[in-house]
Amino acid sequence: MPSGLIPFPFHLFSFHHPSLSRNPSHTDLRGEQREIMLSVLALTSVVLLGIASQTTAIVVYTSWERHALVGTDVRLSCSFFSWQWTSPDVTFSWHYRPDGAKEAISIFHYAGGIPYVDTKGPFRDRMEFVGNPSRRDGSILLKNVDFADNGTFTCDAKNPPDIAGSPSHVRLLVFEKVPVQAGVITGAIIGVVLGLLILIVAIYYLMRFLVARRVFSLSMSKHGRKGKGKEGSQQKQALAVTDPAKLKAAASEKKKQESRREKK
């Protein structure tokens, strides 16, 4: 049997009805189905127990990178995931390796409900335990950070009996001014592009509105001229109806002008 697997008592699931033993010619279909289902359940339980026993490694989480300004405080978070209940013997350990150094030094340890802070290292009087072990939190707070604090911090956690697992690392970068994040630059570029698109769309619809307004005014002016011509002809017809003498005089005058032209 592979290591880590728990032996299962298969003999508890062997069902033999007394009537079947006395008379093997009669089979109980329901009993056979029940025996098959229980056998499958037993095999599934063994597989699951074997998988669980092989995947109980503790997983430690920290940030990938932390930024801080000179003279400010920075929190380095550390937590873990474990299949086991949170043990009263849970432990947290922090190590620090400065930039350019080859070896790391121990700066913090939590065990037995008591936090132990290094009193001789680079963070003496500048480090505080701010975690909550009952909630699987082993965070520390670094105070008044400086450029010399740049480096890699490593957090390791143990939750007995779950002690197998790898520590997690977080890099601290201290700046005089907070550097512009790549996400901020990307967001600014996206904002500018969206602003230009909105401006182009607004100009397009404004031009359409102005063109439509110009066409409408021109069509209204043409209709106005036609209306005035119709009104003049209507005025002439009304004058002829109201004053026939003037209409006759105008007709005779027109004939005289035509006769003069013919004589010439």
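Computed from a predicted model, the values in this text were never measured in an experiment. Each chain carries its own residue numbering, running from 1 in the written order of its sequence. Thresholds applied to this predicted model are a pLDDT of at least 70 for local features of residues and 80 or more for the giving and counting of side-chain atom pairs; totals over whole chains, interfaces and linings are not thresholded and use all residues. Only hydrogens and water are removed before side-chain values are computed, so all heavy atoms of the structure are retained for them.

Caption draft 1: Structural view of the overall build of the protein chain. Strands are runs of DSSP state E lasting at least 2 residues, helices are runs of H or I lasting at least 4, and numbering of each runs from the N terminus. Across its full length, the protein chain holds four helices and 11 strands. Accessibility here uses a 1.4 Å probe with only protein chains present; expressed as a share of the type maximum, an area under 20% marks a residue as buried, one over 50% as exposed, and anything in between as partly exposed. Sorting the 264 residues of the protein chain into buried and exposed places 20% on the buried side. In the protein chain, the share of contacts with a sequence separation of at least 24, taken over all contacts with a separation of at least 6, comes to 59%. Carbon and sulfur atoms form 62% of the exposed surface of the protein chain, whose accessible area is close to 19,800 Å². We call two residues in contact when some of their heavy atoms are within 4.5 Å. Calculation of accessible area relied on Shrake-Rupley with a 1.4 Å probe; when residues are assessed, cover is drawn exclusively from the protein chains displayed.

Caption draft 2: Representation of the state of the cysteines in the model. The rule for a disulfide is simple: a pair of cysteine sulfur atoms within 2.5 Å. Taken as a whole and judged by the stated rule, the model has one disulfide. Between the sulfur atoms of C78 and its disulfide partner C155 the distance amounts to 1.9 Å. On the sign convention where negative means left-handed, the S-S torsion of about -80 degrees between C78 and C155 marks this disulfide as left-handed. Of the two residues, C78 is situated in strand β4 (residues 78-81) and C155 in strand β10 (residues 151-158); the sequence distance between them amounts to 77 residues.

Caption draft 3: The nonpolar core, seen in detail. Nonpolar core, defined: a set of buried Ala, Val, Leu, Ile, Met, Phe, Trp, Tyr and Cys residues in which side-chain atoms within 4.5 Å join the residues together. In terms of nonpolar packing, the biggest core is built from 26 residues, with F92, W94, I107, F108, I140, L142 and F153 touching the most fellow members. Those elements giving two or more residues to this core turn out to be β3 (74-76), β4, β5 (91-98), β6 (105-111), β8 (127-129), β9 (140-142), β10 and β11 (168-175). If sequence neighbours within four positions are ignored, I140 has contacts with V74, R75, L76, W94, F108, M127, E128, F129 and V130.

Caption draft 4: Just unusual backbone geometry, in detail. Each neighbour pair has its own omega, and for P160 with P161 the value is 5 degrees, a cis peptide bond. As for its placement among the helices and strands, P161 is situated in the loop between β10 and β11. Positive phi, normally seen in glycine, also occurs at D125, with a value near 65 degrees. Looking at the secondary structure, you find D125 in the loop between β7 (114-117) and β8. According to the relative accessible area criterion, D125 is exposed, its value standing at 79%. Unusually for a residue other than glycine, R136 sits at a positive phi of about 65 degrees. By secondary structure assignment, the location of R136 is in the loop between β8 and β9. A relative accessible area of 17% means that R136 is categorised as buried.

Caption draft 5: Fine view of the sheet that holds strand β2 (residues 65-69). Whether two strands pair comes down to DSSP finding at least two bridges between them. One open sheet holds the six strands; their spatial order is β2-β11-β10-β5-β6-β7, and the pairing between them is mixed. If you trace the sheet from one side to the other, it starts and ends with β2 and β7, each paired once. Taking each pair of neighbouring strands and ignoring which way they run, the sheet shows an average axis angle of 20 degrees. Pairing between β10 and β11: five bridges, direction antiparallel. Working convention: axes come from line fits to C-alpha atoms, limited for helices to the stretch in contact. Angles between N-to-C directions cover 0 to 180 degrees.

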